[in-house]
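# Summary of structural features
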Amino acid sequence: MKVFVTGGAGYIGSVCVQALLRAGHDVLVFDNLSEGHRQAVLDAPLVTGDLRDHSLLDRTLREYAPDAVMHFAASALVAESVENPRKYYENNIESSLSLLRTMLACGVRRIVFSSTAATYGVPEIVPIPEDHPQQPINPYGFTKLVIEHAIRDYARAYGLGGVILRYFNAAGASHDGRLGEHHHHETHLIPIVLQVALGQREHVKIYGTDYPTEDGTCVRDFIHVEDLAEAHVRALDYCRDGHVLAANVGTGQGHSVRQVIETARAVTGHPIPAVEAPRRPGDPPVLVAAVERARRELGWTATCSDLRSIIQSAWQWHRAHPHGYEN
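Described in the following lines is the structure provided in the data block.

The rules behind each value
Residues numbered from 1 in each chain as written. Predicted model: local features only at pLDDT ≥ 70, side-chain atom pairs only at ≥ 80, totals over all residues. Heavy atoms only, no water. Helix = DSSP H or I, 4+ residues; strand = E, 2+ residues; numbered from the N terminus. Expected span 1.5 Å × (residues − 1). Buried < 20%, exposed > 50% of the residue type's maximum accessible area, 1.4 Å probe, protein only. Contact = heavy atoms within 4.5 Å. Phe/Tyr/Trp six-rings, centres within 6.5 Å; stacked < 30°, edge-to-face > 60°. Axes fitted to C-alpha atoms, helices over the stretch in contact; angles between N-to-C directions. Parallel < 35°, antiparallel > 145°, perpendicular 65-115°, else oblique. Left-handed = near helix turned anticlockwise from the far one by under 90°.

## A closer look at helix H1 (residues 11–22)
Side chains that are three or four residues apart share a direction in an α-helix, a result of its 3.6 residues per turn. End to end, H1 covers 18 Å across twelve residues, agreeing with the expected 16 Å (1.5 Å per residue, within 8%). Counted residue by residue, H1 has ten buried out of twelve residues, so it is predominantly covered. Turning to H1, its buried residues number three or more, namely Tyr11, Ile12, Gly13, Ser14, Val15, Cys16, Val17, Gln18, Ala19 and Leu20. Residues of H1 that are buried in the fold lie against strand S1 (2–6), strand S2 (26–31), strand S4 (68–71), strand S6 (161–167), strand S7 (169–171) and helix H7 (225–238). Following H1 by one or two positions, Gly24 has its phi on the positive side, about 95 degrees.

Put into structure tokens, the structure is as follows:
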């Protein structure tokens with residue numbers, strides 16, 4: 001199958017490109033490199049461009065004639081989305097609508113969409129099922145939800161077939177050690193912890209120690225990026241015209257901030273100082289996925305997402321790439 005991958009130079013997108021290639025698919029990456037890295041596109045051709053460049057997008061899709069699209073391209077920092085919502089409405093909604101419009105014009109009817117657990121907001125039920133009310137509490141989550149609705153509406157009206165994957169906490173690095181997590185402004189817990197181990201930060205902050213959890217810190221569902229990539233390959237095979245499936249991508253198990261830090265100390269052999277700080281507004285105490293739907297519908301389940309394996313793979317990559325792709 002020919003797959004057009006937007007955002008394929010980013011963290012998750014680049015690992016998914018490799019998984020698609022291993023599965024025998026033909027891939028073309030489309031990325032504006034605002035957050036992605038040219039060095040992360042290893043074995044597939046790259047078109048550098050913006051989804052809002054209608055003429056380039058139309059020409060590229062018509063020339064490549066893909067069977068399906070995987071759509072990763074988006075801005076994805078919660079705090080930034082609150083400070084600069086315009087960027088998120090333009091990058092996440094306007095760009096995605098441009099992509100959907102061009103897909104229809106070019107006769108492409110299958111899409112796998114990168115969504116997020118942030119569409120749920122503060123959960124009423126944990127583990128969180130897919131039919132949980134979607135009440136996002138920040139512009140990032142809201143913009144993703146808008147495109148979820150657009151995909152469903154396009155399916156009903158135009159016969160689009162789609163799979164919406166709601167990520168929980170993606171982490172880790174590729175098994176071959178070539179691809180890992182490098183953001184221009186790092187906000188994710190595991191890379192920050194490992195930067196402390198590398199001596200690039202003095203300490204890691206623990207935001208909130210009085211949550212109603214076993215050790216008082218937030219609990220999150222960490223999913224290895226390689227497991228996440230496999231879910232996308234399965235989703236591609238599932239796409240059917242006029243039908244949309246939404247599925248969580250997680251493990252169904254949670255780990256606290258303190259557990260992550262302790263595991264990283266054990267893996268790296270470094271003390272990793274931690275400093276307690278006040279809660280951040282809008283951080284739910286627990287975010288853990290209900291995963292039965294992905295298992296039932298996609299035949300997918302996480303196989304390499306135990307916390308130690310995640311951190312070991314990330315540590316291997318960060319030691320080899322202490323400055324990310326800028327080495």
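## With respect to the packing of aromatic side chains
Applying the stated criterion across every chain, the model contains four aromatic pairs. Relative to Phe30, the ring of Phe4 has its centre 5.5 Å away and its plane inclined at 45 degrees; by these criteria the two rings are tilted. Taken as a pair, Phe4 in strand S1 and Phe30 in strand S2 lie far apart in primary sequence, 26 residues in all. Taken individually, Phe4 and Phe30 each receive the classification buried, so the pair is uniform in this respect.

## As for the packing of helix H6 (residues 189–197) against helix H8 (residues 257–268)
The axes of two packed helices give the description: the angle between them and the distance between them. Running from amino to carboxyl end, H6 crosses H8 at an angle of 40 degrees, the nearest separation of the two axes being 10 Å. Compared by their axis directions, H6 and H8 come out oblique. Pair H6 / H8 crosses with right-handed handedness. Each of Leu189, Ile190, Val193, Leu194 and Ala197 in H6 lies in contact with H8, whose residues at this interface are Val257, Val260, Ile261, Ala264 and Thr268.

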